[in-house]
Structure formats: structure tokens, C-alpha cells
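Architecture and fold: a report
Below are the chains, spelled out letter by letter.
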Amino acid sequence: MKRMMADDPQRNFRSIYYEKVGFRGVEEKKSLEILLKDDRLDTEKLCMFSQRFPLPSMYRILVWKVQLGIIPPHRESHAVVMMHRKEQYQDIHHALQVMRFIQDSTPKVEVYLHMHHLESGRLSRTLTYPLDPKDEQFLDIAKSMEEMVDDDVDCYWLVRSFVNLLNTKYKDSLPQLPKTFEHFLTLEDSRLLAHLKACSTMNKLPYDLWFKKCFAGCLPESSLQRVWDKVISGSCKILVFVAIEILVNFKMKLLVLTTAESIAQFLQTIPQDHTDAIVSKAIDLWHKHCGTPVNSA
């Protein structure tokens, strides 16, 4: 009977259809729902799921919050912990209003940055101050997260926790990604790599955008959240393969550009037409070279 089910053409058609629309089938969704029903969520299994499959949008925020430690594994504690998170958010927000750092017209992402500064003891004594690279990283990630998350409290804690993940767990790994990128580009397209080197482009590629900001502001929401699924669940190396697939996808365009500046400028604002396909190919390439590396940078 099981063999007949596996060969059922109608079932296979459904699986192919779901995969094409970005939903790899009801089996994966059911597996995730079973994991999410446990009284104590198994974070390791959730990470394994996220590494292997795209998260269904209806569960993505919950899974991210568990993986980033915003809420604990114990399901019965979620409501209480989020109530405390909301109170903490409101207290920090109110303090900034009293100090006149923010007002009703302040963009949310700037509010989140001021809140982060106050929490981490980095709040400036003046209302205007220059942004450092970490502030720019925070703002760009916040702008992208704001497009994915409706609730302000969830959005702040997700941005804060995601940026903290990048600056702690991945602190030593991220600076190594340009070298890793060059290694795998050699394997995937040596001609393209030779062109980039001939144009003296390698040290002018948008590595900060790709690796420190995790493609925030570069990829649209539908593509970006699938990349962040992998980063949040344990592997920043996926970023290398997204960068490679972007280059390979726009290879013909890049080969006619002959200056480092023109290549870098094009890659800063790539066309948004085929980014879902680019990310799908990048995930396949990542699995090909790295298997399913859970909790490894």
C-alpha cells in the first residue's frame, strides 16, 4: 500500500504543484505542526526542519521567535513571556518619548534603533549623531523585517535578536565569507570569477550588503525570508550561495560591464524579477556543497 501511495501520479502532481508555489507539500507542513504541538518545543528539530524546508508563512514568526530565544521552548510560557516582552517594549518606548528622542512621527525603524541603543547602553546624549556601520546594519535589517512582520513588538524583538545573532554567533564566521565565496565561485563559474578579477572587482563587491546585512534591501520579502530561515536556524553560509547564484543569474550582464564600479553598482540594486528562482537555486547549491549543516556557521 505504501509503495502504491508513493507512485500515485495524482499525489506526485500535488507535491510538484506545492513545490512550484513555494510550499513543498502538505507532508512538511504536517511534520512542522506536529513539532509545534509538543509541550516543550524541540529547538534542534525545528532548526533541522528550517534547514531542510522553507517555513510556511503562517508559522514563520513563531519559529523564528523560538529559534532566536525571544520565547522559551515551553509552549505554556509563550503568552506570559510575550506579555513581559510587550511591557518591556512599552517601558523603553515611553522612556524615549519622555527624553524626546522619539515622537509620533519618528519612523519605526529609527524608534527600534533608539530602543536598541537605550537597552545596550549606547544611547547618545544628543538627538542627532552619525550612524556607525552597526547602526546601518540594524536599520536595513529593520526595514526588511518591518515588511515581513505586522506586530511592532514582534518586529522589534526579532530585529534586535537577529542582529545580536549576527554579531555574536556569526561574529567570526561573517568576515570569512568573502574568501568562502571566492572558493565556491571558482568551482561554479571560473570564467565569471576571472572576469571579476580582471576588472579588479573582488574587493569592491557588496560584501556588507550580502553578508553583514544578509541581503536586507537587496532581495524582496518573499525571497529574503527563505534565506533568513537558514541563517536564523543555524547557517550563515547560505549567504555565500545566494551571492553566487545572483552572479551566475546575471552573468551575461556582468560580462559586458568592464569596470569594478559599474559591476558593484549593478549588484547593489539587482532586478527583482527572478529572485525567488535565484534563492531556490542557491538553496540547492548550498545543500549540494554543505549537506544540511544544522547549527554550524
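This text goes with the structure placed above it.
Anyway, here's the lowdown on the structure attached to this text. (Residues numbered from 1 in each chain as written. Predicted model: local features only at pLDDT ≥ 70, side-chain atom pairs only at ≥ 80, totals over all residues. Heavy atoms only, no water.)

**Concerning the packing of helix α4 (residues 43-52) against helix α5 (residues 57-67)**
Here is the rule: Note on method: axes are straight lines fitted to C-alpha atoms, helices fitted across the in-contact stretch only, with angles between N-to-C directions ranging 0 to 180 degrees. Runs of E in the DSSP output that reach at least two residues are strands. Runs of H or I that reach at least four are helices, and both are numbered from the N terminus. Between 65 and 115 degrees an angle is taken as roughly perpendicular, under 35 as roughly parallel, over 145 as roughly antiparallel, and anywhere else as oblique. Here a crossing is called left-handed whenever its near helix is offset anticlockwise from the far helix by less than a right angle, and right-handed whenever the offset is clockwise. Pairs of residues are marked as contacts when any of their non-hydrogen atoms sit within 4.5 Å. Under the scheme applied here, ten amino acids are nonpolar (Ala, Val, Leu, Ile, Met, Phe, Trp, Tyr, Cys and Pro), four are charged (Asp, Glu, Lys and Arg), and all others, including Gly, are polar.
Packing of α4 against α5 brings their axes to within 10 Å, and their N-to-C directions diverge by 130°. The pairing of α4 with α5 is recorded here as oblique in orientation. Crossing angle aside, the handedness with which α4 passes α5 is left-handed. Facing Thr43, Leu46, Cys47 and Ser50 of α4, the residues of α5 in contact are Val63, Val66 and Gln67. Of the residues that constitute the contact of α4 with α5, the class distribution is four nonpolar, three polar and no charged.

**Some words on the nonpolar core**
Here is the rule we go by: Side-chain atoms within 4.5 Å are what join buried Ala, Val, Leu, Ile, Met, Phe, Trp, Tyr and Cys residues into a set we call a nonpolar core. Buried means the residue's accessible area, taken with a 1.4 Å probe over protein chains only, is under 20% of the maximum for its type, while exposed means over 50%, and partly exposed covers the values in between.
Counting 93 residues, the largest nonpolar core has Phe162, Phe181, Trp210, Phe215, Trp228, Leu239 and Leu267 as the members making the most contacts within it. Ranked by residues supplied to this core, first place goes to helix α9 (residues 152-167) with ten residues. Those residues in contact with Phe181, other than ones at most four positions away along the chain, are Met202, Leu205, Tyr207, Trp210, Phe211, Val240, Ala243, Ile244 and Leu247.

**Some details on helix α16 (residues 260-268)**
The line we're drawing: Throughout, the arc means the angular range of directions from the helix axis out to the C-beta atoms.
Where α16 is concerned, the buried positions are Ala260, Ile263, Ala264, Phe266 and Leu267. For α16, the arc enclosing every buried residue in end-on projection is 160°, short of the 170-degree limit, so these residues lie on one face. Lining the buried residues of α16 we find α11 (190-198), α12 (207-212), α14 (238-249) and α15 (251-256).

**Remarks on the packing of aromatic side chains**
The test is simple: In this analysis, rings of Phe, Tyr and Trp, with Trp reduced to its six-membered ring, are considered paired at centre separations within 6.5 Å, and the interplanar angle assigns stacked below 30 degrees, edge-to-face beyond 60, and tilted for intermediate values.
Throughout the structure, instances matching the rule amount to 14 aromatic pairs. Ring centres of Tyr207 and Phe211 lie 5.8 Å apart, and the angle between their planes is 15°; on these two criteria the pair is classed as stacked. Residue Tyr207 and its partner Phe211 are both found in helix α12; the two are separated by four residues, about one turn of the helix. By relative accessible area, Tyr207 is classed as buried at 15%.

**Topic: the side chain of Gln225**
Secondary-structure assignment places Gln225 in helix α13 (residues 221-232). Judged by relative accessible area, Gln225 falls into the buried class, the value being 14%. Excluding residues within four positions of it along the chain, Gln225 makes contact with Arg60, Trp64 and Met148.

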